[in-house]
Every structure is written in C-alpha cells, then in structure tokens.
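Fold and geometry: a report
Spelled out from the first residue to the last, the chains are:
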Amino acid sequence: MRLPRPEFNILLFGPDLPAAGLRGRAHFEDAVLVLHGRGHWYTAPVASLALKTGGFDGRQWLVAWESPLGTFTAILEGEGAMETFVDQAPEALAGRLHLARRQHRGREHRFRLALAIAGVALFLPVFALVWFWLNADRFSQWAAEQVPVEQEVRLGEMAFAQMRGGLKLLPEDAPADELVERIGVRLTVGSAYPYHFHVADDPRVNAFALPGGHVVVFTGLLKAADCADEVAGVLAHEVSHVESRHSLRNLIHALGLRAVMAVALGDFAGGVWGDMAGELAGLAYGRDLERQADLDGLRLLRRSGLPGDGMARFFEKLAAQDGEGIDLLSSHPASKERLRELRAALDAQGDYPQQSLRVDWLAVKAGL
C-alpha cells in the first residue's frame, strides 16, 4: 500500500486564476511537483522550478515555473510549509535549495538590520528629548556660556522691546526712577554689561532682570519697601542673576532644545527667540540659582558699601505675608531654608564700612 505524500499549503498565482490567488495543497511525486486546489490540478517538473524568497520581510518562499499556459508562482504558506517542502524535495533541487536558503538568510538579516535602524531612527528623537529633559540644566548652562556678551545684550534688547509696550515706565526724572538708577549704577561699577534700570507703574510686588542688563522694578515693590536699603537688596539680587547669566540660562531652558541648537549654530537672530518676552515673564529660579544670587548679591552690597541687611529683611517680610499677591515670590521662591542661609551668610560677612544712600524716602514714596 502506497502511503500518502506529505503535503504543504500554497497560494497559487497563474493564468486564468483569481487575482488574489488560489489556495491549495502541494506535494512531490518523484521529480514532479503536484499542486491542486478547488478542483484545479497542475504539475511542474522539478527541473523547471525556480526557487526565490520574497515578501515584505524576505521570509516567504516562492516556487515559479513556466508552462504552455504562462508563468505560475506558488507561495509556500504556513509555518510548516517550508520545512515540509525542504524535507520532501528530491535531490535534483538540492543545489537550488542551498542557494535559496542563502538568499533567505541574507534577506532576513537585511530585514532585521533595517528594522533595527528604523527602530533607532524612530526612538532617537524620543531618546534625545528624554536625555535633554534629564540634562536640561546642564545643557542650558553650557549654552549660556557659549553666548558672547554682545549677543546676550542683543537678546536682552530684543526681549525688552517686546515687553516695553506692556509696561507703563515712569519718566527718567521721577524720584523713584532716579533712586533705582543711582542704586543700580553703584552696584554695577566695572560690569561687562551696559545696565539699564527702569521703574514700571504696576501695583504688583515684583522686579525682574533680563539677559544683558535690563532691570525693571515695579512701583508695587517700592511701596512695599520700608527704606532704600531694602530696594538695594532686591536690586543686588537681580543684578547677580544677570552677572551669573541666570536669566539667560532660564530663557534657554524654557525655550528648550531649539534654543540650544540655535546657540550651537550661532543663530541669535532666528525665530527661536521670537517668544522671549512671554517665556521670561513667567520664569522662576531654582533653589541653587537663588542661593547663588543671594550670596553674590551680598558681596555686591559689601563691595558697594551698602547695607546687606536690607535684602534679608525684605524677603523675610514678604515671606511672612504667605506670598499672597506677591509676584516676586513666584519667580524668587523664599523658602525657610533659603532665608536661614541668607541670614547665616549675612552674619558671616561681619561688619564692613558702609555708605548709606542719602535719599528722601518719603518723597520717593509720595511720587509713586
């Protein structure tokens, strides 16, 4: 009794067959490949078979041959089709099977390599963003250090020009403006930055510094201060942010990878800087930057012969009000730890020669 030949699944294409192919079965009988499906039977001499690999991933095996009707192609289907085909193939196919296997392995290797490259290409932007986010402070510090002073000043001028329309600046001969200018000039002697000090008519308790040297104090802050020494303390703190490039670092950090790339390419006029004003308006300094500005501000006050106690006293007074409605504490958080460190640094300075400001504080307040 003759045992049935092991068969394997195929998808057959050829003349007069459906465009989507004809599913069927196939087996070898000596030197002939027999294929059938839905009542159709076909035979192909093994000697006429051409073996190829194909498909999207190169893992499909195809058997093709020429007949009087035209070209036929059978795709081996299913996990076991290729194994059965190889096991049952006659010796006459051995050489072509070896070649087809090499082609199959080569295409599979190339496909896996392409998948790996595609995966890296797809994941790389995500990886870059995550890496930048984790190292954003380091990147922003590095980028800030690469910006020449003249370009930083230019960025500050651009930012101030964007903001100026929304600020009600007091005249330069106003008592409050003259006071802030006097203190600022005294604090910034010898600086590489061309400082400009402004007073804006705004009830909020706030002050801010832009990259390159524009410093703006709100009238609300001047009204909250009890003396010129407290204003000097705030200005020393803001000037220290500029001198240490904290404002620029914060700007680059806020604008993100685009700003880092712009700095790396030397692009200080591109569109990346177009929304500087909006970014700078809501920026807050981190604990380390605040601590550094406190310490550097105390040194500026000492160098200028101005009392250092005003800075600590003013920030402590604002913090005692729980920060309600005080914008300055939103951008310069006054934690208990920070205030303790500020007091400790002030005590460590000890006494030094001081030249207090001669100012009619009541006249300044009245002019507001």
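In the block above lies the structure referred to throughout.
Here the focus is the overall build of the protein. Of regular secondary structure, the protein possesses 15 helices and 10 strands. By the burial criterion, 47% of the 368 residues in the protein qualify as buried. For the protein, the proportion of contacts with a sequence separation of at least 24, taken over those separated by at least 6, is 63%. On the protein, roughly 19,300 Å² of surface is accessible, and the fraction owed to carbon and sulfur atoms is 55%.

Take unusual backbone geometry next. Phi is positive for Asp30, close to 55°, though the residue is something other than glycine. Within the secondary structure, Asp30 is located in the loop between strand S2 (22-29) and strand S3 (32-37). Positive phi values are uncommon outside glycine, yet Arg245 reaches one of about 65°. For Arg245, the location among the structural elements is in the loop between helix H7 (228-243) and helix H8 (246-255).

Right, let's get into the sheet that holds strand S9 (residues 207-209). Consider a sheet: its strands pair through backbone hydrogen bonds, and that pairing is either parallel or antiparallel. If you walk across this open sheet you meet the 3 strands as S8-S10-S9, and the pairing is mixed. Two strands lie at the open edges of the sheet, namely strand S8 (196-200) and S9, each paired on one side alone. Adjacent strand axes in the sheet meet at a mean angle of 15° when their direction is disregarded. In this structure, S9 lies alongside strand S10 (residues 214-218), joined through 3 bridges in antiparallel fashion. Within S10, the position partnered with Phe208 by the bridge is Val216. Packed onto the sheet, helix H5 (residues 175-187) meets S8 and S10 and runs at close to 150° relative to S8. Here H7 sits on the sheet and contacts S8, S9 and S10; the angle it forms with S9, its principal contact strand, is near 25°.

Across the 5 residues that make up S10, a large majority, 5, are buried. The alternating pattern of S10 places His214, Val216 and Phe218 and Val215 and Val217 on opposite faces, both of which are buried. With 5 bridges joining them, S8 and S10 adopt parallel strand pairing. Residue pairing across strands places Val199 opposite Val217, the latter belonging to S10. Hairpin connection from S9 to S10: 4 residues lie between these consecutive antiparallel strands, with Gly212 at a positive phi of about 95°.

Before going further, it helps to examine the packing of H5 against H7. Where H5 meets H7, the axes come as close as 10 Å, and the angle between the chain directions of the two elements is 50°. Judged on the interaxial angle alone, H7 and H5 are oblique. Crossing handedness for the pair H5 and H7: right-handed. Counted together, Leu179, Val180, Ile183, Gly184 and Leu187 of H5 and Ala228, Val231, Ala232, Leu235 and Ala236 of H7 form the full contact between these two elements. Tallied by class, residues from the contact of H5 with H7 come to 9 nonpolar, 1 polar and no charged.

With that out of the way, let us pick up the nonpolar core. In this structure, Ile183, Leu187, Leu221, Leu235, Leu301 and Phe314 are the most contacted members of the largest nonpolar core, which totals 47 residues. For this core, the element with the most residues is H7, which contributes 8 residues. Discounting chain neighbours no more than four positions away, the residues touching Leu221 are Arg204, Val205, Asn206, Ala207, Val234, Phe314 and Leu328. Core analysis: the next-biggest nonpolar cluster, separate from the first, contains 26 residues, Leu22, Leu49, Phe72 and Phe85 among them.

Conventions used here
- Residues numbered from 1 in each chain as written.
- Predicted model: local features only at pLDDT ≥ 70, side-chain atom pairs only at ≥ 80, totals over all residues.
- Heavy atoms only, no water.
- Helix = DSSP H or I, 4+ residues; strand = E, 2+ residues; numbered from the N terminus.
- Buried < 20%, exposed > 50% of the residue type's maximum accessible area, 1.4 Å probe, protein only.
- Contact = heavy atoms within 4.5 Å.
- Areas by Shrake-Rupley, 256 points an atom, 1.4 Å probe, with all protein chains shown as cover.
- Pairing = 2+ DSSP bridges.
- Axes fitted to C-alpha atoms, helices over the stretch in contact; angles between N-to-C directions.
- Parallel < 35°, antiparallel > 145°, perpendicular 65-115°, else oblique.
- Left-handed = near helix turned anticlockwise from the far one by under 90°.
- Nonpolar A, V, L, I, M, F, W, Y, C, P; charged D, E, K, R; others polar.
- Core = buried A, V, L, I, M, F, W, Y, C linked by side-chain atoms within 4.5 Å.

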